[in-house]
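Residue strings, one per chain:
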Amino acid sequence: MRGITLHIAFRYLFARKTHNVINVISAISVAGMAIGTAALILILSVYNGFDNLIKDNLSDMDPDFRIEPATGKYFVPDTRTVSALEQLGRIEPVLEDNVFFAYSDRQGIARAKGVGPAYPESCGLSGHIVEGESRLHLGDIPYALLGSTLAYGNGIHPRFIDMMTLYYPQRNSSISLSNPASALNSLKVRPGGIFSISADTDADLLVLPYESMQELLDCTDEVNALELRLSPAAGKTRTADVESIVGNGFTVLDRFQQHPALFRMMRYEKAAIYLILIFVVIIIAFNIFGSLSMLIIEKKDDIRTLSALGAGDKEIRRIFVLEGWMISLFGLAIGLVAGIAITLLQQYCGIVKLPGNYLVQYYPIALKAADVLATAAGVATTGWVIARLSSRASRS
């Protein structure tokens, strides 16, 4: 009986109707579902493109793994542990803390990060320099690299001759009420370059030579963290593999764990976009309600004939459910083809340009199979539910 109901529903879908308005409403339903499906794929793919762009920019500064002490602020790296980690890739000791800075008549707080001389090249920071150079030294003079928001917001420019003065409380000194400045370490550095990576990074990051940061923080062998950048030979190294090397007392963070709030927000935003667009598809799908209602009215004679031949209400209702669902599936198929085709054209050929001056010339876009499957499942389920509701309401 299921085969017969499917055959009748298929015939009803393509048969010429007495009232042309039914064909018009059905065509509108198909077009609406197709547009909704294509829009879902396109918008999710554009989101993927911007998502990948943000991750790529962050990954230049972020190591594959960051090893921090589980408790406390500093630790002294063990030589054997560092040697074992060096088998996986490049190890960079890092000293990092908030410092107070003064530049000309401007003052503020920055997140200072002390790194080795090869750091700008090894992490890709040199590729994000927008003004100045990526140097950390010029002879004995320490240079600093600043985020663009931090630099421009405080009138800092590499071409100016003014020096930045950094301040940090001495570790083993009490504050004197008569001379508070005596309890502060100070360091003069020259702005060497300005980089632009992301809004958060550009707002507060200040990169310094490692030895200058040691002097400012009163550190000798201590570090805040070890940054590990994997070599190609390391393959797919997992967090557990690094944890087994460093042992207890340390926290190992991968790229996502280094920015938990950012990546959590990106996942929530994508889920919200998907739900909003599915809601739009649901509204479009209610056109099927009108199409099925009018078709049931037109086919009343056929319904009586089928009832006389022994078809029950359940089988008759299934015919119209299947027809309504096929309308949505037909639109789904057209939308999938159109959405995937347009996405691939933008992804590989670059059709639509980004207005203004950005790092990329065209809208970034990335097609993912998971998005296609989620779109197909969401639209198909929506069409099935609306078709069932329509057949029940119309037959009642």
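Worth saying up front: this structure is predicted, and the values here are computed from it rather than measured.

**A look at the overall build of the protein**
- When you go through the protein residue by residue, the secondary structure sums to 14 helices and 11 strands.
- A total of 396 residues make up the protein; the buried ones form 45% of that total.
- Put simply, of all contacts in the protein between residues at least 6 apart along the chain, 80% involve residues at least 24 apart.
- If you sum the accessible surface of the protein, you get close to 20,400 Å²; carbon and sulfur atoms cover 59% of it.

**So, the pairing of strand E1 (residues 65-69)**
- In terms of burial, E1 is largely enclosed, as four of its five residues are buried.
- Examined bridge by bridge, E1 and strand E10 (residues 225-230) share three bridges and lie antiparallel to one another. Its bridge partner lying in E10, Phe 65 is registered against Leu 228.
- One ladder, built from five bridges, connects E1 with strand E11 (residues 250-254); its direction is antiparallel. Each residue of the ladder has a partner; that of Phe 65, found in E11, is Asp 254.

**Side note on the confidence of the model for the protein**
- On average, residues of the protein carry a pLDDT of 81, and 79% of them reach 70 or more.
- Looking over the protein, one finds the lowest element-wise mean pLDDT in helix H1 (residues 2-14), namely 53, and the highest in strand E9 (residues 205-209), namely 93.

**Considerations on the packing of aromatic side chains**
- In this structure the tally under the stated criterion is three aromatic pairs.
- Ring geometry for Phe 75 and Phe 250: centres 5.1 Å apart, planes at 75°, overall edge-to-face. In this pair, Phe 75 is assigned in the loop between E1 and helix H3 (79-86) and Phe 250 in strand E11, connecting sequence segments 175 residues apart.
- In this structure Phe 250 comes out as partly exposed when scored by relative accessible area, which is 28%.
- The ring of Tyr 143 carries Arg 135 above its face, with NZ or CZ at 5.5 Å from the centroid.

**Points about the packing of H3 against helix H8 (residues 239-246)**
- For the pair H3 and H8, the least separation of the axes is 9 Å and the interaxial angle reads 150°. Accordingly, the angle class assigned to the pair H3 and H8 is roughly antiparallel. For the pair formed by H3 and H8, the contact residues are Thr 81, Ala 84 and Leu 85 on the first element and Val 242, Ile 245 and Val 246 on the second.
- Each residue belonging to the contact of H3 with H8 can be placed in one class, and the counts come to five nonpolar, one polar and no charged.

**Considerations on the side chain of Glu 92**
- Mapped onto the elements, Glu 92 comes out in strand E2 (residues 89-103).
- One polar contact links the side chain of Glu 92 to the main-chain amide nitrogen of Gly 116, over a distance of 2.9 Å.
- When sequence neighbours within four positions are dropped, the list of residues in contact with Glu 92 reads Val 115, Gly 116, Tyr 119, Ser 122, Ala 225, Leu 226 and Glu 227.

**Let's talk about the environment of Thr 220**
- Residue position: Thr 220 is located in the loop between helix H7 (210-217) and E10.
- The spacing of Thr 220 and Val 76 is 144 residues in sequence and 9.2 Å in space, taken between C-alpha atoms.

**A closer look at the nonpolar core**
- Among the nonpolar cores identified, the biggest contains 38 residues, and Met 164, Leu 166, Leu 206 and Val 242 are the most heavily contacted of them.
- In terms of residues, this core owes the most to one element, E2, which gives five residues.
- Apart from the residues lying within four places of it in its own chain, the contact partners of Met 164 are Phe 101, Ala 102, Tyr 103, Leu 146, Ile 156, Leu 187, Lys 188, Val 189, Pro 191 and Leu 206.

**Considerations on the environment of Leu 389**
- Within the secondary structure layout, Leu 389 lies in helix H14 (residues 369-395).
- Taking the C-alpha atoms as reference, Leu 389 lies 9.8 Å from Phe 286; in sequence the two are 103 residues apart.

Quick notes on the rules
- Residues numbered from 1 in each chain as written.
- Predicted model: local features only at pLDDT ≥ 70, side-chain atom pairs only at ≥ 80, totals over all residues.
- Heavy atoms only, no water.
- Helix = DSSP H or I, 4+ residues; strand = E, 2+ residues; numbered from the N terminus.
- Buried < 20%, exposed > 50% of the residue type's maximum accessible area, 1.4 Å probe, protein only.
- Contact = heavy atoms within 4.5 Å.
- Areas by Shrake-Rupley, 256 points an atom, 1.4 Å probe, with all protein chains shown as cover.
- Pairing = 2+ DSSP bridges.
- pLDDT = per-residue confidence, 0-100.
- Phe/Tyr/Trp six-rings, centres within 6.5 Å; stacked < 30°, edge-to-face > 60°.
- Lys NZ or Arg CZ within 6 Å of the ring centre and 35° of its normal.
- Axes fitted to C-alpha atoms, helices over the stretch in contact; angles between N-to-C directions.
- Parallel < 35°, antiparallel > 145°, perpendicular 65-115°, else oblique.
- Nonpolar A, V, L, I, M, F, W, Y, C, P; charged D, E, K, R; others polar.
- Polar contact = N/O pair within 3.5 Å; in protein donor to acceptor, adjacent residues only side chain to side chain.
- Core = buried A, V, L, I, M, F, W, Y, C linked by side-chain atoms within 4.5 Å.

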